[in-house]
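Residue-level structural notes
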Amino acid sequence: MMQFHSKISLLLLLCLMHFCIEAKGTEHEDEPLVTLDMRQAPVQKVLTEITRQTGVTFSYESSLIKHLPAVDITMTDKPLSYCLRILFQKLPVEYIQTGKYIILKKKQKTVVISGFVRDKASSESLIGASIYDAESHRGTTSNADGFFSLTLKAGNNVCLNISYVGYDSFQQSFTQLEQDTLLPILLSSHQQLAEVIITSQYTASSSVHTSGMGHTRLNKNLIRQTPVLFGESDIIKTLQTLPGVSAGMAGLAGMHVRGGNGDDNLYMIEGNPLYQINHVGGLFSAFNAEAVKDVEFFKSAFPARYGGRLSSVVDIHTKDGNMKEYHGSAMLGLTSGSLNLEGPVVKDRTSFNFALRRSWIDALSAPAIAIWNSTRDKGDTEIVARYAFTDMNFKLNHQFNDRSRGYVGVYWGNDFLKGGEKRDGNNGYESRNTGKLRWGNIMAFTGWSYVFSNRLFGNVNAAFTHYSSTLKGDYYQGTETSYVSQESSTRNRINDFSLRASFDFRPSTSHQLRFGAHYIYHRFHPVDEKFHFANGLTAQTRQSDNTILPAHELGIYMEEDWKINQKIRLNAGIHIGLYTIDCKTYTSLEPRLASRLLISPQLSLKASYTRMSQYVHQLNESYINLPTDTWMPVSRKLKPMQSDQIALGAYYTTYNQTYSFSIEGYYKWMKHLIDYKDNYQFLPPSTHWEDKLTQGKGRSYGIELIARKEKGKITGWAGYTLSWNDRQFTEINKGRRFPAKFDNRHKFNIVVNWKVRSKVELTGSWTYMTGNRITVSFENYQVISPQYTGHYLPMPGNSLTPPYMSSNGLDYYTERNNFQLPAYHRLDLGINIYRPKKKERMGIWNISIYNVYSYMAPVSIRKGWWYGENCFHTLGVIPIIPSVSYTYKF
């Protein structure tokens, strides 16, 4: 099977490069071939030999080549254009070929225009801004720090046009530019609300001209304008509206991308990974939209700088803070509120950004619970319940000079859930049965970025990340002298210490080279269990070994974005990973390749191949990614998971860039996937966690289409996904292939934003998705043993199969994920009303309706009875939920 996959990989790679080679080859079909083998030969002699073999005529001034050094050149049957490129690439000579004539002239000196693109009002760096020279038709984009570098020929006129979505464009002209120029760019945001349009910042033009595939950039406006549950702006739920992204369970902030699992996604803040990204078990994501500046999402053609997960990358950049003025916002919603503050510590030098969000579900529910409990008589059961979540972002940014910047920051996210019951009786009798669950992340990071030259930019980042999930149980019954008490706790922790260095080198407008490395020291505490039992007479305490698994992870990468010519563009890279744990070292060699063939300025074809590896995984026992699910590293027995993905696509945009269309087809195969064995719950309690797991393979393939309207009063997109997703494990389902839990064959999304007036906008989103897969028992069987004392004992000659739904029967499962739930569909509507105030202040009302027609799609199924008849009961969640929120910006 491995040999088969190797052959498939080779075949797909050949297909990937075919159109590039073919396109390149068409340029050489009519070219004469050249064969040379010359050592320390004068350039004039080489030109004479080329003329003899090809018949071309060289035109030049004799002084041009008189003092050129002798050259060594060897080739056999190479096209003339290739020969000329090799000959002159290191000489101060450039050439222009016109038919049979080749004109030689002195190579022009180049100049570099570099700088940072920032918001004029706040000095916030702008990511992905377009910098374009109308004279030479060359351009580039700003990186994650707003830095850009554009190499042009010296002595020419330059007309720069800098643009960014939601901002006024900026133009700068130079006459016969002769020297390198450092150019700070300050863009002004649109002043009128009518000019604010919904767009992903990943414009139609860039999607056609870049080599990237499966890439989307979100800005804060788009995130805010997508209607979601309780009116809370949510990054993850906005991404769920894209083709190829499944929410998993309806209404939750999970992500399953192109057949992957929930733990296959790499979530990063300022380049550092997080483990737990949900609040309320998935109703909200842990990312506060008010603290976010920019989000990049990748689902294929992953750049070599990313690694560690199989299915997607969500790279989040937070706000630096306003360096000129103090600003802020406060949001009040039905379930939570948030506060955001930013401003200068030292004007034009140091700034801060602080964002805090906290739920008040506990504050709203506490009075109702207290009233309920007050109505109970002594001896009756009282309810114990509380839930709250909090997240905080803080970033301090300092500008040392025009070339140097430093920053420090903190992210903290925490959830607390308590539930159960208690009862107070007579004569000092007391009983309680409660559980507590706490989970979250803490991250502290610091970094420094520096412009080493007009072409080289670097960033160094260090971080500490702590993840913890703790479940506690408390049971007590009796009096002070006669009682039974039981306490238990289970804890899963991860501590990461990381160091990253990345560099961005732009030697010319045709080449962009990125390279860097990262090191992470992991400390895993997979299972830390404690148990205490007492009954007034005796006490017993049991505690696990609290095993600590240290691990070392090293990643090195290099990638180049190469514009070969006007039609062909290539992004090629390599990511090398090393992971050491328990004296075992795993290595991974991950090639990355993406290519683009430009058919016309509005149409391009693309192809990509990517390999990804993953060294940590989350063990799920349900369809929801719960905080009780344990994060585990690879081990000596469990190998790293690995995926290979091939993708082909076509991209088109209209001439005025109002509409854009794309279609992508992909095939992804995965190996060393991890899941629980069949019937693992019946293994002895002493069974090691590794022995409960098994590894297998999976595959996912499909087609994704999306149509966007980028400009105008009505904007939005419609996307469709047709996909297949399955798994195969030796110790699951008797080794037979079975559909994955989220094998959603069809998925359709429509997102619309209508700017009715300058102060009113309507938003709408409709989702349709084929139902998830679950495992259902359609039969029962009876266990017969000498100890059996039930009411049903078959007589000799009768069937051992009990009557259907016998209360003493055990469920019999024919195969894994054998039942598909009904399709899920939902309509969400919202309205944003903008109320401008004095001194540039703003009030924003958001009114939204989640699940407008209240279709509660089934999320599970169980056996039951209905008026004495056997039946199955379905469970639907999240009905229609109206919400309102108010945001005040100052």
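The sections below set out a description of the structure shown in this document. (Residues numbered from 1 in each chain as written. Predicted model: local features only at pLDDT ≥ 70, side-chain atom pairs only at ≥ 80, totals over all residues. Heavy atoms only, no water.)

Regarding the overall build of the chain
A tally of regular secondary structure across the chain gives eight helices and 54 strands. Of the contacts formed within the chain by residues at least 6 apart in sequence, a portion of 65% connects residues at least 24 apart. Roughly 41,100 Å² of accessible area belongs to the chain as shown, and the carbon and sulfur atoms make up 57% of that amount. (Helix = DSSP H or I, 4+ residues; strand = E, 2+ residues; numbered from the N terminus. Contact = heavy atoms within 4.5 Å. Areas by Shrake-Rupley, 256 points an atom, 1.4 Å probe, with all protein chains shown as cover.)

Comments concerning unusual backbone geometry
Non-glycine residue Asp348 carries a positive phi angle of around 65 degrees. Asp348 gets classed as partly exposed once you look at its relative accessible area, which sits at 39%. The backbone of Ser854 sits at a positive phi, close to 55 degrees, despite the residue not being glycine. With respect to the helices and strands, Ser854 occurs in the loop between strand S51 (842-850) and strand S52 (858-866). (Buried < 20%, exposed > 50% of the residue type's maximum accessible area, 1.4 Å probe, protein only.)

Focus on the packing of helix H2 (residues 43-54) against helix H4 (residues 80-88)
It is the contact of H2 with H4, at a shortest axis distance of 12 Å, that shows an interaxial angle of 180 degrees. Comparing the axis directions of H2 and H4 gives the class roughly antiparallel. Two secondary-structure elements touch here, H2 through Val46, Leu47, Ile50 and Thr54 and H4 through Leu80, Cys83, Leu87 and Phe88. Among the residues forming the contact of H2 with H4, the class breakdown is seven nonpolar, one polar and no charged. (Axes fitted to C-alpha atoms, helices over the stretch in contact; angles between N-to-C directions. Parallel < 35°, antiparallel > 145°, perpendicular 65-115°, else oblique. Nonpolar A, V, L, I, M, F, W, Y, C, P; charged D, E, K, R; others polar.)

Here we look at a positive patch on the surface
A cluster of basic side chains, namely Lys436, Arg438, Lys472, Arg491 and Lys530, defines a positive patch on the protein surface. Within the element layout of this structure, Arg438 appears in strand S28 (residues 430-451). (Patch = residues over 30% accessible without salt bridge, like charges linked within 9 Å, V, L, I, M, F, W, Y side chains within 5 Å. Salt bridge = Lys/Arg side-chain N within 4 Å of Asp/Glu carboxyl O. Lys, Arg positive; Asp, Glu negative; His and termini not counted. Charge placed at Lys NZ, Arg CZ, Asp CG, Glu CD.)

Structural notes on the pattern of salt bridges
What the rule picks out here adds up to 36 salt bridges. Put simply, Lys299 and Glu704 hold a salt bridge, and the shortest N to O gap is 2.9 Å. Of this pair, Lys299 sits in the loop between strand S21 (292-298) and strand S22 (312-318) while Glu704 sits in strand S41 (residues 693-709), and the two are 405 residues apart along the sequence. With a relative accessible area of 8%, Lys299 lands in the buried category. For Glu704, a relative accessible area of 4% gives the class buried. Taken together, the shared-partner salt bridges connect Glu124, Asp145, Glu270, Lys293, Asp320, Lys395 and Arg405 into one network.

Examining H4
Every α-helix carries 3.6 residues per turn, so stepping three or four residues along brings you back to the same face. For H4, every residue scored as buried is listed here: Leu80, Ser81, Cys83, Leu84, Leu87 and Phe88. Burial along H4 is one-sided: seen end-on, the buried residues are contained in an arc of 160 degrees. On its buried face, H4 sits against strand S1 (33-41), H2, strand S2 (57-59), strand S3 (71-79), strand S4 (93-98) and strand S5 (101-106). (Arc of directions from axis to C-beta.)

Let's talk about the sheet that holds strand S7 (residues 130-133)
Strand order across the open sheet formed by four strands is S8-S7-S10-S11, with antiparallel pairing between neighbours. Bordering the open sheet on either side are strand S8 (138-141) and strand S11 (170-174), each of which pairs with just one other strand. Across the sheet, the mean angle separating the axes of adjacent strands is 15 degrees when strand polarity is ignored. Where S7 lies against S8, four bridges are found, and the strand directions are antiparallel. (Pairing = 2+ DSSP bridges.)

Focus on the sheet that holds S22
Taken in spatial order, the five strands line up as S14-S21-S22-S17-S18 in an open sheet, and their pairing is mixed. Whereas interior strands pair on both sides, the edge strands pair on one side only; in this sheet they are strand S14 (215-218) and strand S18 (272-274). Pairwise comparison of adjacent strand axes, ignoring direction, gives a mean angle of 25 degrees for this sheet. Inspection of the sheet shows strand S17 (residues 265-269) paired to S22 by five bridges, in the parallel sense.

Some words on the environment of Leu33
Residue position: Leu33 is located in strand S1. Considered as a pair, Leu33 and Leu80 are 47 residues apart in the sequence and their alpha carbons are 5.8 Å apart.

Digging into the side chain of Asn571
Mapped onto the elements of the fold, Asn571 is located in strand S34 (residues 568-581). Apart from residues lying up to four places away in sequence, Asn571 is in contact with Ser211, Glu559, Glu560, Asp561, Arg592, Leu593 and Ala594.

Let's talk about helix H8 (residues 361-374)
Across its 14 residues, H8 extends 20 Å between first and last C-alpha, which sits within 8% of the 20 Å expected from 1.5 Å per residue. Among the residues making up H8, those that are buried are Asp362, Ile369 and Asn373. Where H8 is buried, its residues contact strand S25 (350-359) and strand S26 (382-399). (Expected span 1.5 Å × (residues − 1).)

A look at the nonpolar core
One finds Ile235, Leu239, Met255, Phe287, Val295, Phe297 and Val314 to be the most contacted residues of the largest nonpolar core, which totals 30 residues. Among the secondary structure elements, those contributing two or more residues to this core are helix H6 (220-225), helix H7 (235-239), S17, S21, S22, strand S27 (404-424) and S28. With near-sequence residues (within four places) excluded, Met255 lies in contact with Ile236, Leu239, Val245, Ser246, Asn261, Gly262, Asn265, Tyr267, Phe297, Ser312 and Val314. Counting residues in hydrophobic clusters, the runner-up holds 25 residues, among them Leu36, Val46, Phe88 and Leu91. (Core = buried A, V, L, I, M, F, W, Y, C linked by side-chain atoms within 4.5 Å.)

Here's the deal with the packing of aromatic side chains
The final tally for this structure, using the stated rule, is 28 aromatic pairs. When the centroid spacing of 6.3 Å and the interplanar angle of 45 degrees are considered together, the rings of Tyr275 and Tyr467 count as tilted. Taken together, the positions of Tyr275 in the loop between S18 and strand S19 (278-279) and Tyr467 in strand S29 (residues 456-478) put the pair 192 residues apart, joining distant regions of the chain. Its relative accessible area of 7% is what places Tyr275 among the buried residues. Summarising the aromatic geometry, the rings of Tyr476 and Tyr483 are spaced 5.5 Å apart at their centres and angled 20 degrees between planes, so their arrangement reads as stacked. In this structure an aromatic cluster arises from ring pairing among Trp448, Tyr450, Phe452, Phe503 and Phe515. One Lys or Arg, Lys584, reaches over the ring of Tyr586 and ends 5.4 Å from the middle of that ring. Taking NZ or CZ as reference, Arg708 lies 5.5 Å from the ring centre of Trp717, over its face. (Phe/Tyr/Trp six-rings, centres within 6.5 Å; stacked < 30°, edge-to-face > 60°. Lys NZ or Arg CZ within 6 Å of the ring centre and 35° of its normal.)

Some points on the pairing of S28
In this structure, S27 lies alongside S28, joined through 21 bridges in antiparallel fashion. Residue pairing across strands places Gly413 opposite Asn441, the latter belonging to S28. Hairpin remark: S27 followed by S28, antiparallel, with five residues in the connecting loop; positive phi at Asn427, about 60 degrees. The hairpin formed by S28 and S29 contains four residues between the paired strands.

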